[in-house]
Amino acid sequence: MKHIKVIAVSTICKDEGIGCGECQTSCQSACKTSCTVGNQSCEQRRINHTFKNTEEK
Amino acid sequence: MVHTFSCLGSRFALDVESGSVYEIDDLTYRLLDSPLDNTEGEFSRYPKSEIEEAKAEIEKLKKEGVLFTPETLHEPPVYNGIIKAMCLNISHDCNLRCEYCFADTGAYSGRRGNMSLEVAKKAIDFLIEKSGTRRNLEIDFFGGEPTLNYDVVVKTVEYARSIEKERGKNIRFTITTNALWLNDEMIDFFNREMYNVVLSIDGRKDVHNSVRKTKGGKDSYDVIVANALKFRKTRGDKQYYVRGTFTSRNPDFCADVLALNDLGFDRISIEPVVLPEGHPLAIKEEQLPLIKEQYELLAEEYLKRLGTDKQFIFFHYMLDLDGGPCEKKRLVGCSAGNEYVAVSPDGSIFPCHQFDGKPEYKIGNVTDGSFDKTIPVLFAENNLTQKPECLKCFAKYYCSGGCAANSLNMCGDMKKPYKLACELMKKRLECSIAIKAREKNLF
């Protein structure tokens with residue numbers, strides 16, 4: 001596309017089985033006075049990503 | 001809902017419901033802002049063919065369901081009784097007397113004192129018992145200053161480690177310290193046992209010293225920075241943050257972030273102070289334009305330092321567009337009062353550290369097993385789906401409706417957004433998106 005450059009699509013994960021609750025609680029990271037959630041990572045996708053990388057090696 | 005904005009000299013669009021992010025040209029920016037009337041006035045300077053071309057690109061994305069995605073009707077999350085994260089206020093005392101401390105310089109409006117090992121062990125037992133099938137649990141040693149009760153910190157970790165495997169749990173510890181008493185033994189222990197370490201430093205020497213005095217009224221910067229640097233040198237790749245606060249006295253906080261980076265810290269968080277209107281350090285509304293400029297300036301500096309030996313992480317510019325939190329987490333946010341609670345030295349349970357010392361928010365006590373669900377249910381209902389003002393905001397899936405304590409303290413209602421914090425949150429999100437776009441162009 002000439003006028004629109006895609007940076008990322010569908011970044012809000014709505015897959016089935018989400019909400020496992022295994023990820024880090026945002027207040028345990030560094031904020032303590034705000035509620036920043038967007039910068040947290042999904043534990044399942046983190047594990048899957050690490051697993052995939054290990055397999056590739 | 002599509003939010004269009006300019007940042008770092010470019011224009012962007014965020015499709016709120018799908019979370020899709022686009023860098024757009026000037027024409028598309030205008031088309032997205034006024035989709036109905038786009039043939040006359042400001043559009044007359046564009047060739048008709050260009051307008052049609054841009055419109056076709058917009059239509060293509062709409063058809064693919066990644067632009068103008070209809071609003072999602074979320075099922076309100078329900079209270080499930082699970083607790084998986086605990087802020088352990090191991091000390092209600094502090095060796096600093098910071099001018100803006102929300103915790104009343106450690107005392108939390110009560111008596112100064114430390115948590116006993118007995119209470120700490122009961123808190124661990126309580127957390128494990130309440131965690132259900134959750135495997136990953138989190139415990140944050142907080143205060144006050146946790147190193148004032150270091151011996152209990154060590155023994156509490158030892159106790160938790162001795163039972164976590166048999167209970168099928170993986171406990172991640174965090175400690176938040178002002179680093180004034182940080183010594184080699186503590187550094188070694190933290191590096192071994194702490195998943196995350198948060199060191200409180202406010203940035204430039206004069207800024208830090210003006211608000212973070214010792215109990216005896218002395219400057220604390222030199223000692224703290226020397227200790228924190230010693231820690232950094234041994235930390236390797238493990239998680240840590242140097243975390244500071246900016247106030248009305250240093251709205252030019254970008255200089256504080258960079259000062260910390262220049263010292264050798266590469267994981268930094270600087271947060272706006274939260275204080276009632278009228279407090280001399282409270283951020284004033286008229287300072288918002290300057291603060292927003294500072295966030296953009298920081299974004300520029302962040303990008304300049306990428307790939308150099310001064311590359312750093314800024315907590316609020318971390319935006320995971322590939323593996324971010326799921327929809328459910330975006331609705332419940334920090335889960336204060338539900339999956340996340342705080343425990344005070346006497347074992348009292350509160351919705352989070354910011355409610356410690358407020359008897360009307362006491363949930364129970366880990367020492368006698370008391371636990372009243374009334375407050376947790378109230379907090380469970382305080383999710384994004386129940387905040388009409390927030391549901392109209394483009395940043396809703398990135399702050400989840402904001403901090404309950406801030407809303408209560410500043411607006412008198414947990415469901416009402418604290419506007420000043422909202423403005424800053426929105427600006428940080430815009431900067432994060434612009435950074436992601438630049439990074440994509442760079443690598």
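Residues numbered from 1 in each chain as written. Chains lettered and ligands numbered in written order. Predicted model: local features only at pLDDT ≥ 70, side-chain atom pairs only at ≥ 80, totals over all residues. Heavy atoms only, no water.

Further remarks concern the overall build of chain B. Of the regular secondary structure elements, chain B holds 15 helices and 14 strands. Relative to the compact-globule value of 22 Å for 443 residues, chain B shows a C-alpha radius of gyration of 23 Å, a close match. The C-alpha extent of chain B, read off along each of the three principal axes, is 75 × 45 × 45 Å. Going through the 443 residues of chain B one by one, you find that 60% of them count as buried. Across chain B, every contact between residues at least 6 apart in sequence was considered, and the portion connecting residues at least 24 apart equals 69%. Accessible area for chain B stands at about 18100 Å²; split by element, carbon and sulfur atoms hold 51% of it. Separation of charge centres in chain B, based on 61 positive and 67 negative side chains, amounts to 4 Å. (Helix = DSSP H or I, 4+ residues; strand = E, 2+ residues; numbered from the N terminus. Rg over C-alpha atoms; globule rule 2.2 N^0.38 Å. Buried < 20%, exposed > 50% of the residue type's maximum accessible area, 1.4 Å probe, protein only. Contact = heavy atoms within 4.5 Å. Areas by Shrake-Rupley, 256 points an atom, 1.4 Å probe, with all protein chains shown as cover. Lys, Arg positive; Asp, Glu negative; His and termini not counted. Charge placed at Lys NZ, Arg CZ, Asp CG, Glu CD.)

It is worth spelling out the packing of helix H1 (residues 26–33) of chain B against helix H2 (residues 48–63) of chain B at this point. Residues and elements named next belong to chain B. Close contact between H1 and H2 brings their axes to 10 Å; oriented N to C, the two are set at 65°. Judged by the sense of rotation from one axis to the other, the crossing of H1 with H2 is right-handed. The residues of H2 that touch H1, namely those facing Leu27, Thr28, Leu31 and Leu32, are Glu50, Ile51, Ala54, Lys55 and Ile58. Among the residues making up the contact of H1 with H2, the classes are represented as six nonpolar, one polar and two charged. (Axes fitted to C-alpha atoms, helices over the stretch in contact; angles between N-to-C directions. Left-handed = near helix turned anticlockwise from the far one by under 90°. Nonpolar A, V, L, I, M, F, W, Y, C, P; charged D, E, K, R; others polar.)

All names here are of chain B. Position of Arg428 relative to the elements: it lies in helix H15 (residues 419–442). Buried within the structure, Arg428 lacks any salt-bridge partner; its nearest side chain of opposite charge belongs to Glu271, at an N-O separation of 5.5 Å. A distance of 3.4 Å separates the side chain of Arg428 from the side chain of His316, its partner in a polar contact. (Salt bridge = Lys/Arg side-chain N within 4 Å of Asp/Glu carboxyl O. Polar contact = N/O pair within 3.5 Å; in protein donor to acceptor, adjacent residues only side chain to side chain.)

This brings us to the sheet that holds strand S2 (residues 10–15) of chain B. Read from one edge to the other, the open sheet built from four strands follows the order S1(A)-S3(B)-S2(B)-S1(B), with strand pairing classed as antiparallel. A single partner strand is all that each edge strand has here, and the edge strands are strand S1 (4–8) of chain A together with strand S1 (2–7) of chain B. On average, each strand axis in the sheet is tilted by 25° relative to the strand beside it, whichever way the strands run. Note that S2 of chain B and strand S3 (residues 20–24) of chain B share five bridges and pair antiparallel. Bridge pairing in S3 of chain B places Leu14 of chain B opposite Val21 of chain B. The sheet contacts of H1 of chain B involve S1 of chain A together with S1, S2 and S3 of chain B, and relative to S1 of chain B the element is tilted by about 145°. (Pairing = 2+ DSSP bridges.)

All names here are of chain B. Spatial ordering of the open sheet is given by S10-S9-S8-S7-S6-S5-S4-S11-S12-S13-S14, a layout of eleven strands whose pairing is mixed. Each edge of the open sheet is held by one strand with a lone partner, namely strand S10 (313–314) and strand S14 (370–371). Judged from the five bridges that link them, strand S4 (residues 85–89) and strand S5 (residues 136–142) form a sheet pairing that is parallel. Considered in S5, the bridge of Met86 is made with Ile139. Those strands touched by helix H7 (residues 221–235) are strand S7 (194–200) and strand S8 (239–246), and its axis lies near 155° from that of S7.

Right, let's talk about empty space enclosed by the protein for a bit. By the definition in use, this model includes five cavities of 30 Å³ or more. One number sums up the size of the second largest cavity: a volume of about 80 Å³. Lining the second largest cavity, in full, are Thr36, Gly38 and Asn39 of chain A together with His316, Met318, Leu319, Tyr398, Met425, Arg428, Leu429 and Ser432 of chain B. With four residues, H15 of chain B is the largest single contributor of residues to the lining of the second largest cavity. The residue inventory of the lining of the second largest cavity, partitioned by class, reads five nonpolar, five polar and one charged. (1 Å grid on protein atoms, 1.4 Å probe; cavity = no way out; pocket = protein on both sides within 12 Å on 5 of 7 lines; lining within 4 Å. Points joined across faces, edges and corners; volume = space filled by probe spheres on them.)

Here we take up the confidence of the model for chain B. On average, residues of chain B score 94 in pLDDT, and 98% of them reach the 70 mark or higher. The complex prediction reports pTM at 0.94, with the ipTM value standing at 0.90. (pLDDT = per-residue confidence, 0-100.)

Attention now goes to the nonpolar core. Across soluble globular proteins, nonpolar side chains show a tendency to be buried alongside one another. Counting residues in each nonpolar core, the largest one holds 133 residues, and the members touching the most others are Phe141, Phe190 and Met194 of chain B. No other element matches H15 of chain B, which puts nine residues into this core. Beyond its immediate chain neighbours, meaning those up to four positions away, Met194 of chain B contacts Phe141, Val153, Val157, Phe173, Thr174, Ile175, Phe189, Arg235 and Lys238 of chain B. Counting residues in hydrophobic clusters, the runner-up holds 17 residues, among them Ile4 of chain A together with Leu27, Leu32 and Leu61 of chain B. (Core = buried A, V, L, I, M, F, W, Y, C linked by side-chain atoms within 4.5 Å.)

Residue and element names in this part refer to chain B. When the terminal C-alpha atoms of helix H9 (residues 288–305) are compared, their 26 Å separation across 18 residues agrees well with the 26 Å that a helix rising 1.5 Å per residue should span. Of the residues making up H9, those classed as buried are Leu288, Ile291, Gln294, Tyr295, Glu296, Leu298, Ala299, Glu301, Tyr302, Leu303 and Arg305. After H9 finishes, the residue Gly307 shows a positive phi value of roughly 80°. (Expected span 1.5 Å × (residues − 1).)

All right, on to the interface of chain A and chain B then. As a measure of interface size, the accessible area lost when the parts come together is often cited. Counting residues at the interface gives 42 residues for chain A and 78 residues for chain B. Across the interface of chain A and chain B, roughly 5300 Å² is buried in total on both sides, 50% from carbon and sulfur atoms. There are three salt bridges connecting chain A and chain B. There are 25 residue pairs in polar contact (both at pLDDT 80 or more) connecting chain A and chain B. Of all the elements in the fold, those that place two or more residues in the side of chain A that touches chain B are S1 and helix H1 (43–56) of chain A. The dominant element in the side of chain A that touches chain B, judged by the number of residues it contributes, is S1 of chain A, at five residues. Residues of the side of chain A that touches chain B, tallied by class, amount to 17 nonpolar, 17 polar and eight charged. With four bridges connecting them, S1 of chain A and S3 of chain B associate as antiparallel partners. Bridging across to S3 of chain B, Val6 of chain A finds its partner in Tyr22 of chain B. (Buried area = accessible area lost by both parts, 1.4 Å probe.)

Now for the pattern of salt bridges. Charged atoms that come close allow side chains of opposite charge to pair. All names here are of chain B. For the structure on display, the rule yields 33 salt bridges over all chains. Between Arg30 and Asp26 there is a salt bridge whose closest N-O contact spans 2.9 Å. Of this pair, Arg30 and Asp26 both sit in helix H1, separated by four residues, roughly a single helical turn. For Arg30, a relative accessible area of 21% translates into the label partly exposed.

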